[in-house]
Amino acid sequence: MSKEPIRIDLLIIKEENAEKVMKNEIGHIMRKYNVLEYKGPGDELSIDTLYKTLGYACLYKGYGKTIDEIPADELTVSLFREAYPRELFFELERKGYVLEEKYPGIYYVRGNILFPVQIVVISRLNRTMHSSLRILSANADIEDIRKFLEQTENMKTPRERNNIDAVLQASVSANYEIYQKVRRANGMCEALRELMKDEIEQDVARGEARGEARGEMRGRAEGIVDTCCDLGLPEDAILERLQKKLNISLQTAQEYLQTFGKQIVKN
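Residues numbered from 1 in each chain as written. Predicted model: local features only at pLDDT ≥ 70, side-chain atom pairs only at ≥ 80, totals over all residues. Heavy atoms only, no water.

**Thoughts on the overall build of the chain**
Phase 1 of the analysis: When helices and strands are counted, the chain shows 11 helices and six strands.
Phase 2 of the analysis: Relative to its 267 residues, the chain shows a buried fraction of 42%. (Helix = DSSP H or I, 4+ residues; strand = E, 2+ residues; numbered from the N terminus. Buried < 20%, exposed > 50% of the residue type's maximum accessible area, 1.4 Å probe, protein only.)

What follows is the structure in structure tokens.
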């Protein structure tokens, strides 16, 4: 018996009508059934990790409902880690395997191995093509975050939004201070505004409190507008907050925004 339950990090099954070869570089090796193992920044990626993941693939094949329902030639294995796994690569080469860097940061393992295997070194991936993986680092680069937000801004389907939210939640959790800088320096996309809405509301409340200390409606309005502009919120979001917080008309909110606004982000 194993010490813990068998658990595959991620299994990707291609839909019947999917393109034979995925456009993304990481997907080029993939077939119908694809077992993925992801290691966080502090996790080890060793020769045993590779064999364990190959074992998961073997078990997955063996659990088919009918004989050979999951053909071996339709299975692949992918392992992901931020840092370069020097010891693993040394051990593979010592055992006679050949490592081919097929694309920047993407290494194919060639030799007598059960399934096609790739090892993805996240820190060495192409920044433009793989921002969604690069921002999962515990030391995400602010340029990678901006690139990811730009690339996902026009993705609107529920499935796309769920995937984007999942990536951002993991990235924000590991890089909170960096995201604070991003949200103050740039206009935020909808996904990031939604994810950080509690922090935004707290900042807006502090801005309103500063205005209230001046003892007048205009002071409260100025505090709200100043804070929202500093956070990079778009015009419609600022107007909505002014109307809600001050119980004023849209026209009055627009007048306050025109009076106190700095650089407003247009939607």
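**Points about the side chain of Ser171**
Phase 1 of the analysis: Along the chain, Ser171 turns up in helix H5 (residues 158–174).
Phase 2 of the analysis: Judged by relative accessible area, Ser171 falls into the buried class, the value being 0%.
Phase 3 of the analysis: A polar side-chain atom of Ser171 sits 2.6 Å from the main-chain carbonyl oxygen of Ile135.
Phase 4 of the analysis: Every residue in contact with Ser171, bar those within four places of it in the chain, is listed here: Ile135, Leu136 and Tyr179. (Polar contact = N/O pair within 3.5 Å; in protein donor to acceptor, adjacent residues only side chain to side chain. Contact = heavy atoms within 4.5 Å.)

**Brief notes about the sheet that holds strand S5 (residues 106–110)**
Phase 1 of the analysis: As summarised here, the arrangement of the six strands in space is S1-S2-S3-S6-S5-S4, forming an open sheet in which the pairing is mixed. Since the sheet does not close on itself, it has two edges, and those belong to strand S1 (10–13) and strand S4 (98–103), each with one partner. Each adjacent strand pair in this sheet contributes to an overall mean axis angle of 25°, direction not counted.
Phase 2 of the analysis: Bridge analysis of S4 against S5 gives five bridges, and the strand direction is antiparallel. Paired with Val98 across the bridge in S5 is Arg110.
Phase 3 of the analysis: Here helix H1 (residues 47–62) sits on the sheet and contacts S1, strand S2 (33–39), strand S3 (75–81) and strand S6 (117–121); the angle it forms with S2, its principal contact strand, is near 150°. (Pairing = 2+ DSSP bridges. Axes fitted to C-alpha atoms, helices over the stretch in contact; angles between N-to-C directions.)

**Considering the packing of helix H10 (residues 235–246) against helix H11 (residues 250–260)**
Phase 1 of the analysis: With their axes 9 Å apart at the nearest point, H10 and H11 run at an angle of 120° to one another. Crossing angle aside, the handedness with which H10 passes H11 is right-handed. Between H10, through Glu235, Ile238, Leu239, Leu242, Gln243 and Leu246, and H11, the contact on the second element is made entirely by Leu250, Ala253, Gln254, Tyr256 and Leu257.
Phase 2 of the analysis: Here the residues of the contact of H10 with H11 sort into eight nonpolar, two polar and one charged. (Left-handed = near helix turned anticlockwise from the far one by under 90°. Nonpolar A, V, L, I, M, F, W, Y, C, P; charged D, E, K, R; others polar.)

**Side note on the pattern of salt bridges**
Phase 1 of the analysis: Inspection of the entire model under this criterion finds 10 salt bridges.
Phase 2 of the analysis: Ionic pairing is found between Asp144 and Arg127, a salt bridge with its closest N-O pair at 2.6 Å. Within this pair, whereas Asp144 is found in helix H4 (residues 142–152), its partner Arg127 is found in the loop between S6 and helix H3 (131–134), the two being separated by 17 residues in sequence.
Phase 3 of the analysis: Overall, Asp144 belongs to the buried group, its relative accessible area being 2%.
Phase 4 of the analysis: Because the salt bridges share partners, they merge into one network encompassing Arg127, Arg134, Asp141 and Asp144. (Salt bridge = Lys/Arg side-chain N within 4 Å of Asp/Glu carboxyl O.)

**What to know about the packing of aromatic side chains**
Phase 1 of the analysis: Using the criterion set out here, one finds five aromatic pairs in the structure.
Phase 2 of the analysis: A centroid spacing of 6.1 Å and a plane angle of 75° characterise the contact between Tyr84 and Tyr107, whose relative ring orientation is edge-to-face. Here the residue Tyr84 occupies a position in the loop between S3 and helix H2 (86–94), and Tyr107 occupies one in strand S5, the gap between them amounting to 23 residues.
Phase 3 of the analysis: Here Tyr84 falls in the partly exposed class, since its relative accessible area comes to 26%.
Phase 4 of the analysis: On the numbers, 6.2 Å between centres and 20° between planes, the contact of Tyr256 with Phe260 is stacked. With Tyr256 and Phe260 both in helix H11 and four residues apart, the pair spans about one turn of that helix. (Phe/Tyr/Trp six-rings, centres within 6.5 Å; stacked < 30°, edge-to-face > 60°.)

**A look at the side chain of Glu37**
Phase 1 of the analysis: Mapped onto the fold, Glu37 is located in strand S2.
Phase 2 of the analysis: For Glu37, a relative accessible area of 3% gives the class buried.
Phase 3 of the analysis: Those residues in contact with Glu37 that sit more than four places away from it in its chain are Asp9, Thr49, Lys52, Thr53, Tyr56, Ser78, Leu79 and Phe80.

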